[in-house]
Amino acid sequence: MYELGPEETALVIGPASVVLCNGSAEIVGALLKTGQRVIIRSGKLLPIEATERVDLDIRLGQGASIEKILGSSIPQSWRIAAEDILASKMSIVMNLGGIDSGKSTLATFIANRAVRAGTTVQMIDADLGQSELGPPGSIAHCQVTRPTTDLFRLNPQSMYFVGDTSPSCVAEDVIKGIRTILDGVRQLPGMKIINTDGWIDGEAARDFKTELACVVAPDIICALEAQTELDNVIEALEAHRMRVRRLEVPTVVKKRDREHRRDLREQVYRKFIGNATIRTLQFDWVKVEDRFYGTTSGLESGDILLRLRGFEGLLVGLADEEGKFLGVGLLKNIEKGRRVARIRTPVREAIRRMKLGRIRLDEYGRELEILRDESRSSTTEIEPNSR
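The residue count restarts for each chain, going from 1 along the sequence in the order it is written. Restriction of local features to residues with pLDDT of at least 70 applies here, the model being predicted, together with a cutoff of 80 or more for giving and counting side-chain atom pairs; totals for whole chains, interfaces and linings are based on all residues. Water and hydrogen atoms play no part in the side-chain values, which are based on all heavy atoms of the structure.

Brief notes about the overall build of the protein chain
Secondary structure assignment for the protein chain yields six helices and 24 strands. Radius of gyration: C-alpha atoms only; globule rule: 2.2 Å multiplied by the number of residues to the exponent 0.38. Over its C-alpha trace the protein chain gives a radius of gyration of 22 Å, about what one expects of a compact globule, namely 21 Å for 387 residues. For the C-alpha atoms alone, the extent of the protein chain along its principal axes is close to 70 × 50 × 35 Å. Here the protein chain holds 387 residues, and 54% of them are scored as buried. Contacts in the protein chain between residues far apart in sequence, at least 24 positions, make up 69% of those at least 6 positions apart. In the form shown here, the protein chain has an accessible surface area of approximately 17300 Å², with 45% of it arising from carbon and sulfur atoms. Charge counting treats Lys and Arg as positive and Asp and Glu as negative, with His and both chain ends excluded. In this description, the location of a charge corresponds to atom NZ of lysine, CZ of arginine, CG of aspartate or CD of glutamate. Side chains of the protein chain give 55 positive and 55 negative charges; the mean places of these two sets differ by 4 Å. Numbering of helices and strands runs from the N terminus; a helix is a DSSP stretch of H or I covering at least four residues, while a strand is a stretch of E covering at least two. Each residue's exposure class comes from its accessible area (1.4 Å probe, protein chains only) as a fraction of the maximum for that residue type: buried when under 20%, exposed when over 50%, partly exposed otherwise. Residues are treated as being in contact if the distance between any of their heavy atoms lies within 4.5 Å. Only the protein chains shown count as covering a residue, and every accessible area follows the Shrake-Rupley method with a 1.4 Å probe.

Structure follows, in structure tokens:
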């Protein structure tokens with residue numbers, strides 16, 4: 001049994017499970033119920049904050065850890081901002097910050113405070129590289145009606161496939177995707193929270209975030225910064241009369257290395273390619289959107305897949321006749337004589353559109369590589385990286 005005193009917090013990094021045996025505690029603004037079991041996925045940090053003396057049954061898996069700190073891991077500035085957002089009945093909130101600044105945690109905290117106050121939340125996760133709601137390389141939306149400890153545990157209701165983990169390479173398509181998702185939820189009830197990516201350095205990032213904010217038209221932008229890393233972006237936003245609120249990065253937030261970030265992405269890939277089967281798609285039945293390897297970004301016949309070689313494991317977005325996103329899949333092989341593509345996907349509906357991405361995975365959801373060939377050669381061999 002693990003004991004926490006009043007105003008103490010246990011920082012648990014998974015894989016782990018936590019059960020509240022008695023007392024009162026919360027995780028990122030979500031109240032725990034006595035007997036409730038919370039599963040913490042591998043590499044994910046969740047803070048269990050006691051509001052009175054509590055006993056916890058905590059089981060740690062391989063590589064997990066636990067640390068006790070005095071006080072809350074949630075900065076006071078976050079609590080005040082959430083209270084002001086709810087009191088002012090702000091409709092659209094946009095989060096901004098660098099890599100590993102706590103953007104997803106802030107989005108989760110504001111959402112939990114909102115639903116506890118009776119406000120429905122439309123959550124849009126647009127962090128391509130560290131998406132928790134949808135597969136990496138996509139923009140995802142989910143309606144939140146009850147508190148959650150991890151966006152990963154929610155199931156998206158709509159998605160837009162971009163196909164890259166870096167917004168700097170696909171800025172135009174990211175903005176199109178956010179506009180598409182947001183247009184579909186503007187009339188839905190409650191607060192809209194848009195969680196953005198961590199690209200903040202340089203003029204291109206500044207211009208991208210400014211254009212994105214103009215599309216979103218938020219009532220407030222919550223800007224997470226450790227020092228002054230957002231000054232240039234905030235200056236540009238305020239020049240467009242955007243309301244920006246600077247918030248501190250929690251002291252418990254640690255910078256993750258590239259391997260750690262990749263491991264977290266792979267957990268999400270596996271969620272969206274699990275229970276997959278092999279499907280055979282006739283070229284005549286499917287239109288393909290190729291933004292990376294060909295000469296056009298429009299819809300073409302499935303025959304354009306014959307341009308590619310060494311593409312096994314390429315992550316693709318799948319849609320119906322009207323372009324509604326159905327899910328993702330992995331290209332397995334092309335049979336030139338039969339003019340068919342074999343694809344590994346959990347999608348069961350009729351597939352009529354396919355959008356090529358830049359991410360290659362193995363059958364277990366492990367990243368092989370991100371293809372960023374600036375020559376955009378349509379016949380370049382793609383060789384797998386060693387792990």
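Examining the packing of aromatic side chains
Only Phe, Tyr and Trp rings take part, Trp by its six-membered ring, and two of them pair if their centres are within 6.5 Å. Stacked means planes under 30 degrees apart, edge-to-face means over 60, and tilted covers everything else. Throughout the structure, instances matching the rule amount to three aromatic pairs. Measuring from centroid to centroid gives 6.4 Å for Trp78 and Phe109, while their planes differ by 50°, and the two rings are tilted. Residue Trp78 is located in helix H1 (residues 76–87), and its partner Phe109 is located in helix H2 (residues 103–116); the two are separated by 31 residues in the primary sequence. With relative accessibility at 0%, the residue Trp78 sits in the buried group. The exposure class of Phe109 is buried, given its relative accessible area of 0%. Ring centres 6.1 Å apart and planes at 70° place the aromatic pair Phe292 and Tyr293 in the edge-to-face group. On the basis of relative accessibility, which here comes to 4%, the residue Phe292 falls in the buried class.

A closer look at the pattern of salt bridges
Each salt bridge in this description consists of a side-chain nitrogen of Lys or Arg and a carboxyl oxygen of Asp or Glu lying within 4 Å of one another. With the rule as written, the count across this model stands at 29 salt bridges. Residue Arg256 is joined to Asp100 by a salt bridge in which the shortest nitrogen-to-oxygen separation is 2.9 Å. Residue Arg256 is located in the loop between strand E16 (244–248) and helix H6 (258–273), and its partner Asp100 is located in the loop between strand E10 (92–97) and H2; the two are separated by 156 residues in the primary sequence. We classify Asp100 as buried; its relative accessible area is 9%. Between Arg246 and Asp231 there is a salt bridge whose closest N-O contact spans 3.0 Å. With Arg246 in strand E16 and Asp231 in helix H5 (residues 231–239), the pair connects residues that are 15 residues apart, well separated along the chain. Residue Arg246 is classed as partly exposed on the basis of its relative accessible area, which comes to 41%. Overall, Asp231 belongs to the partly exposed group, its relative accessible area being 32%. It is possible to trace a salt-bridge network through shared partners that takes in Arg41, Lys44, Glu132 and Asp150.

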